[in-house]
Amino acid sequence: MLAVEIICAVVSCFANIAPNVGRARPAMEQLMTNVEKTENDWQDELTPEQFYILRQKGTERPFTGAYNNFRGEGTFHCSGCGARLFDAATKFDSGSGWPSFFEKITPKAVSEHRDSNHGMERTEVTCTKCGGHLGHVFPDGPRPTGLRYCINSISIIHEDDMEQE
Ligand SMILES: [Zn+2]
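Residues numbered from 1 in each chain as written. Predicted model: local features only at pLDDT ≥ 70, side-chain atom pairs only at ≥ 80, totals over all residues.

### Observations concerning the overall build of the protein
Right, on to step 1. Tallying secondary structure elements over the protein gives 4 helices and 9 strands in all.
Right, on to step 2. Starting at the N terminus and walking to the C terminus, you meet the elements of the protein as α-α-α-β-β-β-β-β-β-β-β-β-α.
Right, on to step 3. Taking all 165 residues of the protein together, the buried fraction comes to 30%.
Right, on to step 4. Partitioning the contacts of the protein with sequence separation of at least 6, the portion at a separation of at least 24 is 56%. (Helix = DSSP H or I, 4+ residues; strand = E, 2+ residues; numbered from the N terminus. Buried ≥ 20, exposed ≤ 12 C-beta atoms within 10 Å, placed from the backbone. Contact = placed C-beta atoms within 7 Å.)

Here's what the structure looks like:
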């Protein structure tokens, strides 16, 4: 009888635990972005250069980007998620070697973050929608904003180039 009681006790114990076993885990911490992708997803979707810059906050070498000398109308979109980021009308030649804009297309399109890496105090700019790294913004731009959004060509796609894909 003792053995049966022990077995019953064990079964009862498991019965009490069982409802918790199948319970959903707490929701994973939501990223502060509107695009829910893992870094593995991004690595599969992006080119190695795009992944390095957008997701690992890399920087393309100056004067090498496709849009450094670009002169044209239209809109630049995020190369990670397609969000509209900059109007080509706000692009100017900063001489820095990277595409430069004096204004983002809407206040919320591009987010700004303090960046203390590499021994410098800078302001990083990212795509608000997907969190992709775009470049930095500096307070030495032309009027009317006085800002210089210094952006990697690899982080952006001109809309005409998007339609060709
Ligand atoms: Zn994006």
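### Some points on unusual backbone geometry
Right, on to step 1. P144 follows R143 through a cis peptide bond whose omega is 10°.
Right, on to step 2. Examined against the element boundaries, P144 turns out to sit in the loop between β7 (133-138) and β8 (148-151).
Right, on to step 3. Of note, the phi angle at K57 is positive, near 60°, even though the residue is not glycine.
Right, on to step 4. Looking at the secondary structure, you find K57 in the loop between α3 (48-55) and β1 (75-78).

### Describing the sheet that holds β1
Right, on to step 1. With respect to topology, 3 strands assemble into an open sheet ordered β2-β1-β9, the strand pairing being antiparallel. On the outer flanks of this sheet lie β2 (84-87) and β9 (156-158), each paired with one strand and no other. If you compare each strand with its neighbour and ignore which way they point, the axes differ by 30° on average.
Right, on to step 2. Pairing of β1 with β9 involves 3 bridges; the strand directions are antiparallel. (Pairing = 2+ DSSP bridges. Axes fitted to C-alpha atoms, helices over the stretch in contact; angles between N-to-C directions.)

### Structural notes on the environment of G74
Right, on to step 1. Following the sequence through the fold, G74 ends up in the loop between α3 and β1.
Right, on to step 2. Excluding anything up to four places from it in sequence, G74 contacts A88, H158, E159 and D160.

### Looking at the nonpolar core
Right, on to step 1. Membership of the largest hydrophobic core comes to 21 residues, with the highest contact counts inside it found for C78, L85, C127, Y149, I151 and I156.
Right, on to step 2. Secondary structure elements with two or more residues in this core: β1, β2, β6 (122-127), β7, β8 and β9.
Right, on to step 3. If one sorts the elements of this core by residue count, β8 sits on top with 3 residues. (Core = buried A, V, L, I, M, F, W, Y, C linked by C-beta atoms within 7 Å.)

### What to know about the confidence of the model for the protein
Right, on to step 1. For the protein, the mean per-residue pLDDT works out to 85, and 78% of the residues sit at or above 70.
Right, on to step 2. Confidence drops under pLDDT 50 across residues 6-31; counting only partners more than four residues distant or on other chains, this segment forms 2 contacts. (pLDDT = per-residue confidence, 0-100.)

### Focus: the pairing of β6
Right, on to step 1. As paired elements, strand β5 (residues 110-115) and β6 share 6 bridges and run antiparallel to each other. When the bridges of β6 are listed, E112 appears paired with V125.
Right, on to step 2. Where β5 folds back on β6, the antiparallel hairpin that results is connected by 6 residues, among which H118 adopts a positive phi of roughly 60°.
Right, on to step 3. Here β6 pairs with β7 via 4 bridges, running antiparallel. Within the sheet, the bridge partner assigned to E124 lies in β7 and is H136.
Right, on to step 4. Linkage of β6 to β7, two consecutive antiparallel strands, is achieved through a turn of 5 residues, within which G131 is found at a positive phi near 80°.

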